[in-house]
There are 2 protein chains.
Amino acid sequence: MNSKEPRPHTGRRRNEAARRAILDAALGLLADADGAPVSVETIARAAGVGKQTLYRWWPSKGAVLLDALTDRAAQDVPVPDTGSLRRDLRALATATFRASQRPPAAPALRTLVREAARDPHLADLLRTFTESRRADLRRILQRGRDRGELPADRDVELLIDQFYGFFWYRFLLGHGPLDTPTAERITDSLLGWAGAAEGPQESSTAATASISTS
Amino acid sequence: MNSKEPRPHTGRRRNEAARRAILDAALGLLADADGAPVSVETIARAAGVGKQTLYRWWPSKGAVLLDALTDRAAQDVPVPDTGSLRRDLRALATATFRASQRPPAAPALRTLVREAARDPHLADLLRTFTESRRADLRRILQRGRDRGELPADRDVELLIDQFYGFFWYRFLLGHGPLDTPTAERITDSLLGWAGAAEGPQESSTAATASISTS
DNA sequence: TAGTTACCGAGACCGGTAGTCTCGTCAAGA
DNA sequence: TCTTGACGAGACTACCGGTCTCGGTAACTA
């Protein structure tokens, strides 16, 4: 028949409180146990919920964890558009580093990556997440190139991977700082530490002397 | 008593064939199942060996995997010392990228990192491995700085993390090339793309002129 | 040759996990 | 009141890392 007609919903509705309880419990556990894996049993128990309720709404444990994390940390890193490439990049770096450092994001994200290492489902989700961040940075760089702030022959993909590679490397290994001075230094390193402050720095030789101060 | 005297070895000796069989089986499984986890059972079965034999000689599964990988890929990336920073860095990048791409290293290393994400023991081993690579690069950069090829105010640790961060990011995500042109581009990007090919590109440091000829 | 020692393959076993399935219950609409 | 589907609870399967035990066997010693 015309089963196209979506049969009106009957029966008990989804319990929104349970959804929130699951996400909250997941985020809390992600944040607490730094590095230690978070089990489904633990999440369900902490949320006061049956495992089946969890699997009814999410396809895997990884999906729950990612959902719990992005649920809050979504808009922590806005994409700047100030009209200056260097300022945009510096702002993005600063916001990214800062968001990655303050709890509960830091331990949660670390645990999430560890889980992704053995959960292909979660790995996929995480890949699309990072790809969207890469796309944000790509837009920033291309705007800058259109304005002539970036030489046309610089490899944008290379720059993107240098930035996020640096970030993830330091974030996951945790052997070096990810603070505001670092954000400025990585910006200068990517765009050319010569002529850092402002103005086109061409004529490679000339500008160097003036700025290397800061 | 003088138990200091090491009692001469008695009893059956270690079976070298079993050792090799285990390492070969481990490497083969690491290489075959890209990303898929490798279980101890599988290794033991493939090597025709009891699990206990494996645990008699290695403290954990991760140790076996790392041993299997470094057993062969040890000296694939020699540390260059040509007298030119740019040439050294380019050589290191090229060798690193090349070694990471050719089988069986590539899938095996990827699997190894995934295993390390949930095996703290293996994570430690892998950390010391990467730290030694970082130390190699640090020496190269410091030699270059001593020769005046690198401005004294450039952050060496930042450069190291930019390089290896970029490498691991591309290697693990696999979304961009790690070939020879990329090795040259990342070198130029780190050392300054201006005046990349030849000639001194800045006036600030006098020494630069004399050596960068390559 | 006989005895001792320690490695060998095999596999049972333990604790823990992801995901499935079933049960009796409960809320929302017809 | 009856149907539907979500709910909490937890048993269950399948798998894995790591431990333990077993009978057998190679290498060395007396």
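Every value quoted in this text rests on a predicted model; they were computed, and no experiment measured them.

Here is what the cut-offs are and how they apply
- Residue numbers restart at each chain and count upward from 1, following the sequence in its written direction.
- The lettering of chains begins at A and the numbering of ligands begins at 1, in the order of writing.
- It should be noted that, the model being predicted, local features are given only for residues of pLDDT at least 70 and side-chain atom pairs only at 80 or more, the latter also being counted only at that level, while totals for whole chains, interfaces and linings use all residues.
- Hydrogens are left out, water is left out, and the side-chain values use all remaining heavy atoms of the structure.
- Only DSSP runs of H or I covering at least 4 residues are called helices, and only runs of E covering at least 2 are called strands; the numbering of each starts at the N terminus.
- Think of it in three bands: residues with accessible area under 20% of the maximum for their type are buried, residues over 50% are exposed, and the middle band is partly exposed, with areas taken using a 1.4 Å probe on protein chains only.
- Residue contacts are defined here by distance: any two heavy atoms, one from each residue, within 4.5 Å place the two residues in contact.
- Only the protein chains shown count as cover for residues, with accessible areas throughout obtained via the Shrake-Rupley method and a probe of 1.4 Å.
- The copies were overlaid with a least-squares fit restricted to C-alpha atoms from residues scoring a pLDDT of at least 70 in each copy.
- Aromatic pairing here means that ring centres of Phe, Tyr or Trp (its six-membered ring) are within 6.5 Å. Orientation follows from the plane angle: under 30 degrees is stacked, over 60 is edge-to-face, and everything else is tilted.
- Both a distance and an angle decide whether a charge sits over a ring: NZ of Lys or CZ of Arg must be within 6 Å of the ring centre and within 35 degrees of the ring normal.
- Among the buried residues, those of types Ala, Val, Leu, Ile, Met, Phe, Trp, Tyr and Cys that are joined through side-chain atoms within 4.5 Å form a nonpolar core.
- Expected span of a helix: the number of residues minus one, times 1.5 Å.
- Polar contacts, as counted here, are pairs of nitrogen or oxygen atoms within 3.5 Å of one another; within protein the pair requires one atom able to donate a hydrogen and one able to accept it, and residues that are adjacent in sequence qualify only if both atoms are side-chain atoms.
- Note: the arc covers the axis-to-C-beta directions of the helix.
- The term salt bridge refers to a side-chain nitrogen of Lys or Arg lying within 4 Å of a carboxyl oxygen of Asp or Glu.
- Note on geometry: axes are C-alpha line fits, over the in-contact stretch for helices, and angles between N-to-C directions span 0 to 180 degrees.
- Under this scheme an angle from 65 to 115 degrees is roughly perpendicular, one under 35 degrees roughly parallel, and one over 145 degrees roughly antiparallel; angles in between are oblique.
- Three residue categories are used. Nonpolar comprises Ala, Val, Leu, Ile, Met, Phe, Trp, Tyr, Cys and Pro, charged comprises Asp, Glu, Lys and Arg, and polar comprises the others, including Gly.

Asks: Explain the overall build of chain A to me, using residue names and the numbers behind them.
Replies: If you tally the helices and strands in chain A, you get 10 helices and zero strands. Traced from its N-terminal end to its C-terminal end, chain A shows the element sequence α-α-α-α-α-α-α-α-α-α. Relative to its 214 residues, chain A shows a buried fraction of 47%. In chain A, 64% of the contacts between residues at least 6 apart in sequence involve partners at least 24 apart. Surface summary for chain A: the accessible area is close to 11,000 Å², and the carbon and sulfur share equals 53%.

Asks: Account for the relation of the copies chain B and chain A, with residues named and values stated.
Replies: Taken as rigid bodies, chain B and chain A are interconverted by a rotation of 179° and an axial shift of 0.0 Å, the fit giving an RMSD of 0.3 Å. Overall, the copies show the geometry of a two-fold rotation axis. Distance from the rotation axis, computed per C-alpha, reaches its smallest value in chain B at Gly 165 of chain B: 2.1 Å. With an isologous cut-off of 70% or more, the 89% of interface residues of chain B that recur at the interface of chain A puts this contact in the isologous class.

Asks: Just give me the short version of the packing of aromatic side chains, but keep the residues and values in it.
Replies: Per the stated rule, a full pass over the model turns up 14 aromatic pairs over all chains. Residues Phe 167 of chain B and Trp 168 of chain B carry aromatic rings whose centres are separated by 5.2 Å and whose planes lie at 65° to one another, so their mutual orientation is edge-to-face. Per residue, the accessibility class of Phe 167 of chain B equals that of Trp 168 of chain B, and both read buried. Taken together, Phe 97, Phe 163, Tyr 164, Phe 166, Phe 167, Trp 168 and Phe 171 of chain A form an aromatic cluster joined through their ring pairs. A cation sits over an aromatic face here: Arg 14 of chain B above Trp 57 of chain B, 3.9 Å from the ring centre. For Arg 14 of chain B, the ring lying beneath its charged end belongs to Trp 58 of chain B, and the centroid distance is 5.4 Å.

Asks: Quick rundown of the nonpolar core? Include the residues and the values.
Replies: Counting residues in hydrophobic clusters, the biggest one holds 57 residues, and the most contacted among them are Phe 163 and Tyr 164 of chain A. The dominant element in this core, judged by the number of residues it contributes, is helix α8 (residues 156–173) of chain A, at nine residues. Core analysis: the second largest hydrophobic core is formed by 55 residues, Leu 85, Phe 97, Ala 106 and Leu 159 of chain B among them.

Asks: Give me the lowdown on helix α7 (residues 120–146) of chain B, citing residues and values where you can.
Replies: Residue and element names in this part refer to chain B. When the terminal C-alpha atoms of α7 are compared, their 38 Å separation across 27 residues agrees well with the 39 Å that a helix rising 1.5 Å per residue should span. Within α7, the full set of buried residues consists of Leu 122, Ala 123, Leu 126, Thr 130, Arg 133, Arg 134, Asp 136, Leu 137, Arg 138, Ile 140, Leu 141 and Gly 144. Measuring from the backbone nitrogen of His 121 back to the side-chain oxygen at the start of α7 gives 3.0 Å, which picks out Asp 119 as the cap. Looking one or two residues beyond α7, the residue adopting positive phi is Gly 148, at roughly 85°.

Asks: Go over helix α2 (residues 40–47) of chain A, please, and point to the residues and values.
Replies: Residue and element names in this part refer to chain A. Listed as buried for α2 are Val 40, Ile 43, Ala 44 and Ala 47. The buried residues of α2 occupy one face: seen down the axis, they fall within an arc of 95°. What points out from α2, more than 90 degrees from its buried face, is the exposed set Arg 45 and Ala 46. Directly beyond the C-terminal end of α2, a positive phi value near 65° is found at Gly 48.

Asks: Tell me about the pattern of salt bridges, and please be specific about residues and values.
Replies: As enumerated under the stated definition, the model contains 34 salt bridges over all chains in all. Of the charged contacts, one joins Arg 185 of chain B and Asp 155 of chain A as a salt bridge, the two residues approaching to 3.2 Å between their closest N and O atoms. A residue pair is termed interchain when its members come from two chains, as with Arg 185 of chain B in helix α9 (residues 180–191) and Asp 155 of chain A in the loop between α7 (120–146) and α8. Judged by its relative accessible area of 23%, Asp 155 of chain A falls in the partly exposed class.

Asks: Requested: an account of the packing of α8 of chain A against helix α8 (residues 156–173) of chain B, with residues and values cited.
Replies: Viewed as axis vectors pointing N to C, α8 of chain A and α8 of chain B meet at an angle of 105°, and their least axial separation amounts to 7 Å. Taken together, the axes of α8 of chain A and α8 of chain B lie roughly perpendicular to each other. In contact with Glu 157, Leu 158, Asp 161, Gln 162, Tyr 164, Gly 165, Phe 166, Trp 168, Tyr 169 and Arg 170 of chain A of α8 of chain A, α8 of chain B contributes Glu 157, Leu 158, Asp 161, Gln 162, Tyr 164, Gly 165, Phe 166, Trp 168, Tyr 169 and Arg 170 of chain B. Across the contact of α8 of chain A with α8 of chain B, the residue classes break down as 10 nonpolar, four polar and six charged.

Remember, this is a structural readout, not a statement about activity or role.
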